[in-house]
Amino acid sequence: MLWLLAHDQDRLLGSGGVASEVWNLYFHWYGLLAQGAFPSGDHLWQYPPGAGVVLLSPALLPNLTYFQAFVVLTLLTDAVIAFVLARAGTRPGRSLRGAGLWIAGLPLLLHIPLARYDVQVTAFAVISLLALSRSTRVCGAFAALGALVKVWPALALIGTPRGRTTREAWTAAAVTSVTLLALIAALFRNPFDFLRQQGGRGVQIESLGGTVLMFARRAGWPGHTRYQYGAVEFVGPHVRAVAACSLLLTGVAFGLLLLWRLRARRWTAATPYDAALAAVLLFTVTSRVISPQYMVWLVGLAAVCLTSRHTTQRPVALLVLAATAVSTVEYPAVYGEVINGAWVGCLLMLVRNGLLAAAAVVSFVRLWRSGRPLVDRPQLDTPSRNPDRIPVLSRTGG
């Protein structure tokens, strides 16, 4: 991955486009943040305040350039994820497959993970989930830290066992969020300006809705692409309708997850992990934007699932790996074909997003089925504080 990053100027690797986000955009934001202010009125700044702390972190290595320090810190974070996955895999009832998936799966994205801060975000979610069996408060705190950087790690808490575990984890998350937001608001100007930048987003060409519009353009739809809001998006008739459908599907996904949580009667040691992967898959597939670096999240969550021998998500992990490999062909290798709507680009997006959609459906179905009570097992009325100590846990209410 480092070798590829050093040769980022190669035409097949995007002619420098992958690394330029750190060279230009992140470094520009770093300059503003170092002066005590978040970007204001910048339509590219669409991230919660915690992202600013991550972008400031290269200052910890003053002897390196900003780009070098960013890459070094990303590699260290990658090593931390591999370490916690390996350590979790050596415990009783666990497996090292999770660490293996992360180590083998991340390089499928070539050098993209080293030039984005999604590895750091994924670390918060991975640590949050793996900490659940030992400390619910630590679990909640790390989920909150991740959510303050890029929102989605909050979904790590969606599968916590009902009762005291959920109350403690969610309370810790709320306290952590409020405390850090107050601290950031006291130290920086414009920390909440990002809230004004999300509403105008359209349909990115790599999203599921974008795939529909790509084939529609092949059939004569008069729309075109334009770089806006930090991504190449479709512009033209019916784009807003497609974006609205994406938001509606996101709402449906949230409803399905809520229904699962209300109706599930059986928790295993892997249920919190499986639920987190299913949730992030559903929200990713229904999003108006599916960037290649989003696959870092899914590889990380799939790796957490595979640390448990009770997981239901093994087929999903394979689908995620396949989608990750296809994503790398689509970007950066033939991204021009995708932008122009050539048949090669259309078919690649159909395969990649088809794999992600299949993974989301399979993941949720297997999660739903795993929540059914087993008729041949006694049901327990009291949840365990440590789900790793009880392989299967049934609930009869609440």
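This one's a predicted model, so the numbers in the text were calculated from it and none came from an experiment.

Here is what the cut-offs are and how they apply
- Residues numbered from 1 in each chain as written.
- Predicted model: local features only at pLDDT ≥ 70, side-chain atom pairs only at ≥ 80, totals over all residues.
- Heavy atoms only, no water.
- Salt bridge = Lys/Arg side-chain N within 4 Å of Asp/Glu carboxyl O.
- Helix = DSSP H or I, 4+ residues; strand = E, 2+ residues; numbered from the N terminus.
- Buried < 20%, exposed > 50% of the residue type's maximum accessible area, 1.4 Å probe, protein only.
- Expected span 1.5 Å × (residues − 1).
- Contact = heavy atoms within 4.5 Å.
- Phe/Tyr/Trp six-rings, centres within 6.5 Å; stacked < 30°, edge-to-face > 60°.
- Core = buried A, V, L, I, M, F, W, Y, C linked by side-chain atoms within 4.5 Å.
- Pairing = 2+ DSSP bridges.

Peer 1: How should the pattern of salt bridges be read in this particular structure?
Peer 2: Any two side chains of opposite charge can pair if their charged atoms end up close together. Per the counting criterion, the structure on display carries 5 salt bridges. Of the charged contacts, one joins Arg137 and Glu168 as a salt bridge, the two residues approaching to 3.8 Å between their closest N and O atoms. Of the two residues, Arg137 is situated in helix 7 (residues 136-150) and Glu168 in helix 8 (residues 164-187); the sequence distance between them amounts to 31 residues. Overall, Arg137 belongs to the exposed group, its relative accessible area being 52%. Here Glu168 falls in the buried class, since its relative accessible area comes to 10%. Among the charged side chains, a salt-bridge network with shared partners connects Arg137, Arg164 and Glu168.

Peer 1: Help me understand helix 8, please; the structure alone is not making it clear to me.
Peer 2: An α-helix turns once per 3.6 residues; consequently, residues spaced three or four apart project the same way. Spanning 24 residues, helix 8 covers 35 Å between terminal C-alpha atoms, matching the ideal 34 Å at 1.5 Å per step. Of the residues making up helix 8, those classed as buried are Thr165, Thr166, Glu168, Ala169, Ala172, Ala173, Thr176, Ser177 and Ile184. Buried residues along helix 8 sit against helix 3 (50-56), helix 7 and helix 10 (239-263).

Peer 1: Please clarify how the packing of aromatic side chains should be interpreted in this entry.
Peer 2: Describing an aromatic ring pair means giving the distance of the ring centres and the angle of the ring planes. One pass over the full model with this rule turns up 22 aromatic pairs. Seen in terms of ring centroids, Tyr26 and Tyr117 are 5.9 Å apart; in terms of plane orientation they differ by 55°. Their pairing is tilted. Here Tyr117 lies in the loop between helix 5 (97-105) and helix 6 (118-131) and Tyr26 lies in helix 2 (residues 20-34), a separation of 91 residues in the sequence. Here Tyr26 and Tyr117 have matching classes, each one buried. Judged by centre distance (6.0 Å) and plane angle (75°), the ring pair of Trp29 and Tyr47 falls under edge-to-face. Placement of the pair is Trp29 in helix 2 and Tyr47 in the loop between helix 2 and helix 3, with a sequence separation of 18 residues.

Peer 1: Please explain the nonpolar core as it appears in this structure.
Peer 2: Here is a general trend for soluble globular proteins: nonpolar side chains tend to be buried in one another's company. Counting 102 residues, the largest nonpolar core has Leu85, Trp102 and Tyr117 as the members making the most contacts within it. Contacts of Tyr117, omitting those with residues within four sequence positions, involve Tyr26, Tyr47, Ala51, Val54, Leu55, Phe70, Val149 and Lys150.

Peer 1: What is the right way to read the sheet that holds strand 1 (residues 203-204) from this model?
Peer 2: Adjacent strands of a sheet pair through backbone hydrogen bonds, lying either parallel or antiparallel. With antiparallel pairing, 3 strands are arranged side by side in an open sheet as 1-3-2. The sheet is open, and its two borders are formed by strand 1 and strand 2 (224-228), each paired with just one other strand.

Peer 1: Quick question: what am I supposed to make of the side chain of Gln293 here?
Peer 2: By secondary structure assignment, the location of Gln293 is in the loop between helix 11 (271-285) and helix 12 (294-306). For Gln293, a relative accessible area of 11% gives the class buried. When residues no more than four places from it in sequence are discounted, the contact partners of Gln293 are Ile112, Arg116 and Asp118.

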